[in-house]
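# Structural description and commentary
In case you want the letters, here they are:
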Amino acid sequence: MRKSRGTIDAPDFCVYLLGHPPGGQKWECRWVKWRDFGVPASTADAVDALQEAFGRATQERVEIACGSGIGRTGTALALLAVMAGLSAGDATDWIRGSPWFVVKSGFVSLNRGGS
């Protein structure tokens, strides 16, 4: 979350994958303590937050964000792909080619509802 939102619409719900609590958001969010180049401080908390994001994405604008939108966010998206039914081996290919999410300036917006 080092970049400005710019013209990106605010989410209804967001999961922040950061080593420190996010601050100043005007929307509902969950913080998963996850240092850069590390693993989540709590696997259970990370999975729970991502399951919530997965479920909410059918009706709401959901965002997954970390410091740069590459490592932790990509890992989270791979988990979401597995939750959607893909094998772990297919998750990377799905992430790279799916219209299910949009990556802009380090922010990832899920759109399972089709709009």
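Residues numbered from 1 in each chain as written. Predicted model: local features only at pLDDT ≥ 70, side-chain atom pairs only at ≥ 80, totals over all residues. Heavy atoms only, no water.

## Points about the pairing of strand S3 (residues 62-65)
Going residue by residue along S3, you find Val62 and Ile64 tucked away on one face and Glu63 and Ala65 tucked away on the opposite face as well. Bridging between strand S1 (residues 13-18) and S3 involves four bridges; their strand directions are parallel. Bridge pairing in S3 links Val15 to Ile64. (Buried < 20%, exposed > 50% of the residue type's maximum accessible area, 1.4 Å probe, protein only. Helix = DSSP H or I, 4+ residues; strand = E, 2+ residues; numbered from the N terminus. Pairing = 2+ DSSP bridges.)

## Let's talk about the side chain of Arg56
Along the chain, the position of Arg56 falls in helix H1 (residues 43-56). Filtering out sequence-adjacent residues up to four positions away, Arg56 remains in contact with Asp12, Phe13, Glu28 and Val62. (Contact = heavy atoms within 4.5 Å.)

## Observations regarding the packing of helix H2 (residues 71-83) against helix H3 (residues 88-97)
A pair of packed helices is characterised by two quantities: the angle between their axes and the separation of those axes. It is at 8 Å that the axes of H2 and H3 come closest, and there the two elements cross at 115°. When the axes of H2 and H3 are compared, the crossing they make is right-handed. Residue-level inspection shows Gly74, Leu77, Ala78, Ala81 and Val82 of H2 in contact with H3, the latter providing Ala88, Ala91, Trp94 and Ile95. (Axes fitted to C-alpha atoms, helices over the stretch in contact; angles between N-to-C directions. Left-handed = near helix turned anticlockwise from the far one by under 90°.)

## Some details on the environment of Cys29
When you line up the elements, Cys29 lands in strand S2 (residues 28-33). Along the primary structure Cys29 and Glu63 are separated by 34 residues, whereas in three dimensions their C-alpha atoms are 9.0 Å apart.

## Observations concerning the pattern of salt bridges
Counted under the stated rule, the structure contains seven salt bridges. Across the pair Asp48 and Arg30 runs a salt bridge whose closest N-O atoms are separated by 2.9 Å. On the criterion of sequence distance, the pair formed by Asp48 in helix H1 and Arg30 in strand S2 is long-range, its members being 18 residues apart. The salt bridge involving Arg56 is made with Glu60; its shortest N-O contact spans 2.9 Å. In this structure Arg56 comes out as buried when scored by relative accessible area, which is 16%. Residues joined in a network through salt bridges with shared partners are Glu28, Arg30, Asp45, Asp48, Glu52, Arg56 and Glu60. (Salt bridge = Lys/Arg side-chain N within 4 Å of Asp/Glu carboxyl O.)

## Thoughts on the nonpolar core
Grouped together as the largest cluster of nonpolar side chains are 21 residues, with contacts concentrated most on Val15, Leu17, Val32, Leu50, Ala53, Ile64 and Leu80. Of all the secondary structure elements, the ones that give two or more residues to this core are S1, H1, S3, H2 and H3. Broken down by element, this core gets its largest block of residues, five residues, from H1. Among all residues touching Val15, those that are not within four sequence positions of it are Arg30, Val32, Ala49, Leu50, Ala53, Glu63, Ile64 and Ala65. Judged by nonpolar contacts, the second largest core, of five residues, contains Cys14, Tyr16, Trp27 and Ala65. (Core = buried A, V, L, I, M, F, W, Y, C linked by side-chain atoms within 4.5 Å.)

The values are spatial; any link to function lies outside them.
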